[in-house]
Amino acid sequence: MAYHSLIEKQRELYKSGATFSSEARKNKLRRLKQMIEKHSDDLCNAVYKDLRRNPKSTVALEIANALVEIDYMIDNLNEWMAPVKVSKTMLTLLDTPMIVKDPLGVCLIISPWNYPVAMILLPLIPAIAAGNTVVIKPSEVSAHTAKVFEEIIPQFFSEDVVAVVNGAIPETTALLTERFDHILYTGCPPVAKIVMAAAAKHLTPVTLELGGKCPVVVEDDADVAVTARRIAWGKWLNVGQTCLAPDYVLVTAKTKPALLAAFRASLEEFYGGDPKSSKDYARIISQRHFDRIAGILAKSKGVPAVDYGKPDRDDLFIPPTILDVERDDAFMEDEIFGPVLPVVTVSGLNDAIDYIKQGEKPLAAYLFTRSEAKVKKFLSETSSGAVTVNDVIMHLTVDTLPFGGVGNSGMGRYRGKYGFDTFTHEKSVLKRGFFGESLLAPRYPPMTDSKAAQMQRLTGKRIAFPRWLSFLLPSVPVVFVSVLIGILLQ
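Everything quoted here is computed from the prediction, not taken from an experiment. (Residues numbered from 1 in each chain as written. Predicted model: local features only at pLDDT ≥ 70, side-chain atom pairs only at ≥ 80, totals over all residues. Heavy atoms only, no water.)

Enquirer: I keep staring at the overall build of the chain and nothing clicks. Help me out?
Expert: Looking only at helices and strands, one finds 18 helices and 16 strands in the chain. With the C-alpha coordinates of the chain rotated into their principal frame, the extents come out at 85 × 55 × 35 Å. Sorting the 490 residues of the chain into buried and exposed places 53% on the buried side. Considering only contacts in the chain between residues 6 or more positions apart, those separated by 24 or more positions represent 73%. Of the roughly 21,900 Å² of accessible surface on the chain, a fraction of 57% belongs to carbon and sulfur atoms. (Helix = DSSP H or I, 4+ residues; strand = E, 2+ residues; numbered from the N terminus. Buried < 20%, exposed > 50% of the residue type's maximum accessible area, 1.4 Å probe, protein only. Contact = heavy atoms within 4.5 Å. Areas by Shrake-Rupley, 256 points an atom, 1.4 Å probe, with all protein chains shown as cover.)

Given below as structure tokens:
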């Protein structure tokens, strides 16, 4: 099960520079787009077999955003790849300091099962755009989707450019013994610690996209009907198997009855009276995950606010469940990752913020209010990977915003240019000519008192120059610049 030859084959291609040019990167992105468009139905049907998710929803949730991301990369790649000149300092007035963008090398993407298409494609796109080669490890839990990727990737890419490794824990463990130049893992904190420990043996940088209990605070001044509709959409999307899904709701006793009633109305609108027969209601991924959620349901002391029947293990069906719970309820311990929404009563925004701060930092936090003052307070007093105000999850659709966690919800980021930057090394470069040697004379031994005084004036205080002046300096005679430095050193 050794993958050393595969990784070395990719490393040799990287070392050859064949992936570096703008056109080479764009061609690979175009091929990836062709692959997605040609096999969109295959991918969506595979997701249906894994999760019973409506294929039309998968197009919107996992296919469309990947295609948009590819176009965004192609349109901006030349600009992002270009060296970036930076402002000069006293010691570099005659020089050219800049940042050059380098590919990292061989990258490993370990993807989850809940969005098994997007969570491969969205990191793969910037990894390719940044000029890297990539090994993909799909989740074995979403086996049908993993199989499709294993079949279609070789039709468009040689294995020294992009390769798929399928399997379970043994295969992942074997991959992690190899040296990569970057690893991006999406999943849960316990496995992330294993990935990070393996990466540390090779000093490999990691991006970890995890999760956590994403809180929702509903203030008394919110539009309750709209709020409930938006929360219900985000919560029962993919039956709660979404890292950004609302995990629990914090609301006052005053607003709670109206909010619960609005939740019931929204669920009726979305799934009718029988969610089990709805084409838009997905299923739990496996019996193991079903048993985990069912086990918490058995321990919970929450009061049900809706009744949509009983869980069905054979069908992997758990109905939409809303529970009015206390703060010590079983569902308030860990991320739920299922179709159960606990509702907790708080006295107000301060109480809600205090409760959020007692737990780990979530991947996202949500606030529903009309008050800008409350928004400002929420942003300044809570810490999370992201915040959406008066909606849920939608910040992920903005490709000019970074996607990533903080603390226990992850490290690093991607999407759009942030993804390109994640898979790119920003190399510092200083270009210097052979002129102006007299200006550098104070640095050379022997170090006399006068040289030391000159060096102190040169280095003892930071003097930066506006970028417009930095750009003008190359066209200014060296003698003039030398005189200018001499005056500044007096």
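Next comes the rest of the description.
Enquirer: Quick question: what am I supposed to make of the pattern of salt bridges here?
Expert: If the charged atoms of two oppositely charged side chains come close together, the side chains can form a pair. Evaluated as defined, the whole model comprises 24 salt bridges. Taking the shortest distance from any N to any O, the salt bridge between Asp181 and Arg179 comes out at 3.9 Å. Taking relative accessible area as the criterion, Asp181 reaches 18% and is therefore assigned buried. Arg179 sits in the partly exposed class, given a relative accessible area of 40%. Through salt bridges with shared partners, one network takes in Glu8, Arg11, Arg179 and Asp181. (Salt bridge = Lys/Arg side-chain N within 4 Å of Asp/Glu carboxyl O.)

Enquirer: When you look at the packing of helix α3 (residues 40-51) against helix α6 (residues 143-156) in this model, what are you seeing that I'm missing?
Expert: Describing two packed helices takes the angle between their axes plus the distance from one axis to the other. One way to put it is that α3 packs onto α6 with a least axis distance of 7 Å and a crossing angle of 155 degrees. Judged by the inter-axis angle, α3 sits roughly antiparallel to α6. Here α3 contributes Asp42, Leu43, Ala46, Val47, Lys49 and Asp50 to the contact with α6, which in turn contributes Ala143, His144, Thr145, Val148, Phe149 and Ile152. Within the contact of α3 with α6, the residues separate by chemical class into seven nonpolar, two polar and three charged. (Axes fitted to C-alpha atoms, helices over the stretch in contact; angles between N-to-C directions. Parallel < 35°, antiparallel > 145°, perpendicular 65-115°, else oblique. Nonpolar A, V, L, I, M, F, W, Y, C, P; charged D, E, K, R; others polar.)

Enquirer: Would you explain a negative patch on the surface in this entry?
Expert: Taken together, the side chains of Glu326, Asp328, Glu333 and Asp334 make up a negatively charged region of the molecular surface. Along the polypeptide, Asp334 turns up in the loop between β11 (321-325) and β12 (340-345). Note on Asp334: relative accessible area 56%, which makes it exposed. (Patch = residues over 30% accessible without salt bridge, like charges linked within 9 Å, V, L, I, M, F, W, Y side chains within 5 Å. Lys, Arg positive; Asp, Glu negative; His and termini not counted. Charge placed at Lys NZ, Arg CZ, Asp CG, Glu CD.)

Enquirer: Is there a simple way to explain the environment of Pro103 in this structure?
Expert: Along the chain, Pro103 turns up in strand β2 (residues 96-103). For Pro103, a relative accessible area of 5% puts it in the buried group. With residues near it in sequence (within four places) discarded, Pro103 still touches Tyr14, Phe20, Arg25, Ala130, Gly131, Asn132 and Phe423.

Enquirer: So what exactly am I meant to see when it comes to the nonpolar core here?
Expert: Soluble globular proteins: nonpolar side chains tend toward being buried together. If you look at the biggest cluster of nonpolar residues, it comprises 116 residues, and the most contacted ones within it are Leu32, Val249 and Phe263. Per-element tally for this core: the top contributor is helix α5 (residues 118-129), with ten residues. Membership of the second largest hydrophobic core comes to 22 residues, among which are Tyr3, Val106, Leu108 and Leu175. (Core = buried A, V, L, I, M, F, W, Y, C linked by side-chain atoms within 4.5 Å.)

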